[in-house]
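# Structure assessment
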Amino acid sequence: MKRETVVVIVGAGPAGLATSACLNLFSIPNIILEREDCNGSLWKKKTYDRLKLHLPKHLCQLPHMPFPPNEPTFVSKNGFIQYLDSYSSTFGVCPMHNRMVEDAWFEKDGGRWHVVAKNVTTCDVEEYVGIYLVVASGENNEGFIPNFTGLDEFKGKVIHSSEYESGKCFIGKDVLVVGYGNSGVEIAYDLSNWNVRTSIVVRGPIHVLTKEMVQFGMYLLKYLPCNLVDNIMVVLSKLKYGDVTEYGLERPTKGPFFLKKITGRSPIIDVGTIEKIKDGSIQVLPSINKINEESVEFVNGKINRFDAIVFATGYRSRVKKWLKDDGNLFNDDGMPKQRNPNHWKGENGLYCAGFSQSGLFGISNDAQNIADDIKKALGT
């Protein structure tokens, strides 16, 4: 089977849906290929129950459709899922589900992109041909677990944060959370609320702010330079949390918004985890040296027994596994070579959406930029 269109989009997460919606508004034909059986599969299948958007809703809306007025400022997981479904129906976005993209290349003679996908329900191999190709499979495409020494020998439960739902099934157990990003601290907080004996690995310095601080900081960035806003954020954090070094935590020397811009690393948005660390409900541990059958040894020589390990160690892009001609757009890790805002356009009609390391706000900008650029190229 071969189908031709103008734009082939890979991925039906927020980035793919937003790009398709923007193209639809310009009446530019497009097809979305999605490997799962639903839109927004990461949100529907691989997020924990208590998740909320970390930024105010006006910074998380997709193009041309704000959140409903009655939606809270910080939207819940279920609220965002409902928003995605409503967004798709509003703009007539109809992805082709259960299509696992296996190969994509640019045919120079015909000036077309060829995308080969396997229909996982029928096992048929299908080919899609388009003038343009948009990679919208995103940064958070495949859960990553580091290859720690001895991990294969551990007899307890090992899961990635994408598999975590709640602490209910860990009641009364000793659980180690590896990864001190926003997912890690929220999972540690949730586990502690379920009376789980919780520990978390903290390998390096990172800023801790509240949602309100981040919201205030983003407002100030409209009028003040980044270094001044960062200084204000650090002062507010110190007033809120005091000296956190005695609990095994350390602040970076550079400011939170500067680090976000340069490295893509977000500050921790505290949901109550710091208070639980202070009162001893959550134990902070250093980097892992090795993992044993029933315990974990840390770099300080301490050995603790655990029933389970939750790896909140991020995701990896799998773009390079199927994209043969990357248009000089992606590096070896499957991330754009150019940093935001020059990351979204490659050669030969290749684009990427959702790789800006700027969350949903970046996705919205990518989708509009791509649609506008294709419209201009087509002369419509």
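Because the structure is predicted, anything quoted here is derived from the model rather than measured. (Residues numbered from 1 in each chain as written. Predicted model: local features only at pLDDT ≥ 70, side-chain atom pairs only at ≥ 80, totals over all residues. Heavy atoms only, no water.)

Attention shifts here to the packing of helix 1 (residues 14–25) against helix 9 (residues 359–378). Packing of helix 1 against helix 9 leaves a shortest axis separation of 8 Å and a crossing angle of 35°. As helix 1 packs across helix 9, the resulting crossing turns out to be right-handed. Between helix 1 and helix 9, the residues in contact are Pro14, Ala15, Ala18, Thr19, Cys22 and Leu23 and Leu360, Ile363, Ala367, Gln368, Ile370, Ala371 and Ile374, respectively. (Axes fitted to C-alpha atoms, helices over the stretch in contact; angles between N-to-C directions. Helix = DSSP H or I, 4+ residues; strand = E, 2+ residues; numbered from the N terminus. Left-handed = near helix turned anticlockwise from the far one by under 90°. Contact = heavy atoms within 4.5 Å.)

The next subject is the sheet that holds strand 8 (residues 174–178). The strand order across the open sheet built from 5 strands is 7-16-8-9-12, with neighbouring strands paired in parallel fashion. Sheet topology places strand 7 (157–160) and strand 12 (282–285) at the edges, where each strand pairs with a single neighbour. The sheet shows a mean angle of 20° between the axes of neighbouring strands, taken without regard to direction. With 5 bridges connecting them, strand 8 and strand 9 (residues 197–201) associate as parallel partners. Across the sheet, residue Asp174 finds its bridge partner in strand 9, namely Arg197. (Pairing = 2+ DSSP bridges.)

The buried count for strand 8 comes to 5 of 5 residues, which makes it a mostly enclosed element. Going residue by residue along strand 8, you find Asp174, Leu176 and Val178 tucked away on one face and Val175 and Val177 tucked away on the opposite face as well. Regarding the hand of the β-α-β motif, the stretch spanning strand 8, helix 4 (residues 182–193) and strand 9 is right-handed. Where strand 8 lies against strand 16 (residues 308–311), 4 bridges are found, and the strand directions are parallel. (Buried < 20%, exposed > 50% of the residue type's maximum accessible area, 1.4 Å probe, protein only. Right-handed = clockwise from strand over helix to strand, strands pointing away.)

Reading across the sheet, the 3 strands line up as 13-14-15 and stay open at both edges, with antiparallel pairing between neighbours. Each edge of the open sheet is held by one strand with a lone partner, namely strand 13 (288–291) and strand 15 (303–305). Direction aside, neighbouring strands of the sheet carry axes that sit 25° apart on average. Inspection of the sheet shows strand 13 paired to strand 14 (residues 295–298) by 3 bridges, in the antiparallel sense. By the bridge assignment for strand 14, Lys290 is matched with Glu297.

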